[in-house]
Amino acid sequence: MLKKQNRLKSNSSFKATYSQKRVVSDEFFVLYAGRNKENPEFETKIGFVVSKKIHKRAVKRNRIKRLAREAVRLSFKNKEIESCKLFQSLIYVAKDESLNLDFEKTKKSVTKLINKLANKFI
């Protein structure tokens, strides 16, 4: 589970991140990035969104979010995605294909998107 200081919670934070229009995607997720950090001491906040259009049952939607959260947490721990610490906030939005993902594919997708984002906007 992500640390409390790393979670993006408020609606205004989500709207501010979406408004930056920094977007990268692959076949499983779309990644939105907020502004670049001015102070590197602040933690990067990460949010996860899975729409009801993906699946009507909350159990299925929550599974996707759990897999993505754990993939991000482990990638932080192993220092595979250090470049994401340059942004104030990140939002992962799941696509339809993410419903049948296993953990390894989720982790690959998460790290690939972060690296793609860093190459594009830094």
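Coordinates for the structure precede this section.
First, a word on what this report is: a plain description of the structure on this page. (Residues numbered from 1 in each chain as written. Predicted model: local features only at pLDDT ≥ 70, side-chain atom pairs only at ≥ 80, totals over all residues. Heavy atoms only, no water.)

Summing up its helical and strand segments, the protein chain has three helices and four strands in all. For the protein chain, the N- to C-terminal ordering of α and β elements is α-β-β-β-α-β-α. Dimensions of the protein chain along its principal axes, counting C-alpha atoms only, are 40 × 30 × 25 Å. Looking at the 122 residues of the protein chain, the share that counts as buried comes to 42%. In the protein chain, of all internal contacts separated by at least 6 residues, the share reaching a separation of at least 24 is 79%. Surface accessibility of the protein chain: about 7,400 Å² in total, with carbon and sulfur atoms responsible for 49%. Across the protein chain, 31 positive and 12 negative side-chain charges occur, with their mean positions spaced 7 Å apart. (Helix = DSSP H or I, 4+ residues; strand = E, 2+ residues; numbered from the N terminus. Buried < 20%, exposed > 50% of the residue type's maximum accessible area, 1.4 Å probe, protein only. Contact = heavy atoms within 4.5 Å. Areas by Shrake-Rupley, 256 points an atom, 1.4 Å probe, with all protein chains shown as cover. Lys, Arg positive; Asp, Glu negative; His and termini not counted. Charge placed at Lys NZ, Arg CZ, Asp CG, Glu CD.)

Spatial strand order, S1-S2-S4-S3: four strands in an open sheet with mixed pairing. Only two strands of the sheet have a single neighbouring strand rather than two, namely strand S1 (22-25) and strand S3 (45-49). The average undirected angle you get between the axes of adjacent strands in this sheet is 20°. Where helix H1 (residues 11-19) meets the sheet, its contacts fall on strand S2 (29-33), S3 and strand S4 (89-94), and the angle it forms with S4 comes to roughly 85°. The strands touched by helix H2 (residues 58-77) are S2, S3 and S4; relative to S3, the strand with the most contacts, the crossing angle is about 155°. (Pairing = 2+ DSSP bridges. Axes fitted to C-alpha atoms, helices over the stretch in contact; angles between N-to-C directions.)

For the rest of this paragraph, the subject is the side chain of arginine 61. Counting through the fold element by element, arginine 61 comes out in helix H2. One buried charge, arginine 61, has no salt-bridge partner; the nearest side chain with opposite charge is aspartate 96, at 11 Å. Excluding residues within four positions of it along the chain, arginine 61 makes contact with Val50, Ser51, Lys52, His55 and Lys56. (Salt bridge = Lys/Arg side-chain N within 4 Å of Asp/Glu carboxyl O.)

This part is about the nonpolar core. Within the largest apolar cluster, 26 residues are counted, with the highest numbers of intra-cluster contacts made by Phe29, Leu31, Ile46, Val72, Leu90 and Tyr92. Top element by residues in this core is H2. It accounts for five residues. Setting aside residues no more than four positions away along its own chain, phenylalanine 29 makes contact with Val24, Ile64, Ala68, Tyr92, Val93, Ala94, Lys95, Ser98, Leu101, Thr106, Ser109 and Leu113. (Core = buried A, V, L, I, M, F, W, Y, C linked by side-chain atoms within 4.5 Å.)

Further remarks concern H2. If you check H2, its first and last C-alpha atoms are 28 Å apart, about what 20 residues at 1.5 Å a residue would give, namely 28 Å. Taken residue by residue, H2 has Arg61, Ile64, Leu67, Ala68, Ala71, Val72, Leu74, Ser75 and Phe76 as its buried positions. Backbone geometry just downstream of H2 places lysine 79 in the positive-phi region, at approximately 60°. (Expected span 1.5 Å × (residues − 1).)

Before going further, it helps to spend a moment on the packing of aromatic side chains. Enumeration according to the criterion identifies three aromatic pairs in this entry. Summarising the aromatic geometry, the rings of tyrosine 18 and tyrosine 32 are spaced 4.8 Å apart at their centres and angled 90° between planes, so their arrangement reads as edge-to-face. In this pair, tyrosine 18 sits in helix H1 while tyrosine 32 sits in strand S2, placing the two residues 14 residues apart along the sequence. Residue classification places tyrosine 32 among the partly exposed residues on the basis of a relative accessible area of 21%. Each residue in the set Phe29, Phe48 and Tyr92 is aromatic and connected to the rest through ring pairs, giving one cluster. (Phe/Tyr/Trp six-rings, centres within 6.5 Å; stacked < 30°, edge-to-face > 60°.)

Here the focus is the pattern of salt bridges. Tallied over the entire structure, the rule returns three salt bridges. Here glutamate 70 ties to arginine 73 by a salt bridge, and the two come within 2.6 Å at their closest N and O atoms. Taken together, the positions of glutamate 70 and arginine 73, both in helix H2 and three residues apart, correspond to about one turn of that helix. Its relative accessible area of 27% is what places arginine 73 among the partly exposed residues. Lysine 107 serves as the salt-bridge partner of glutamate 80, at 3.9 Å between the closest nitrogen and oxygen. Placement of the pair is glutamate 80 in the loop between H2 and S4 and lysine 107 in helix H3 (residues 103-121), with a sequence separation of 27 residues. Taking the relative accessible area as the measure of exposure, glutamate 80 reaches 38% and is therefore partly exposed. Overall, lysine 107 belongs to the buried group, its relative accessible area being 15%.

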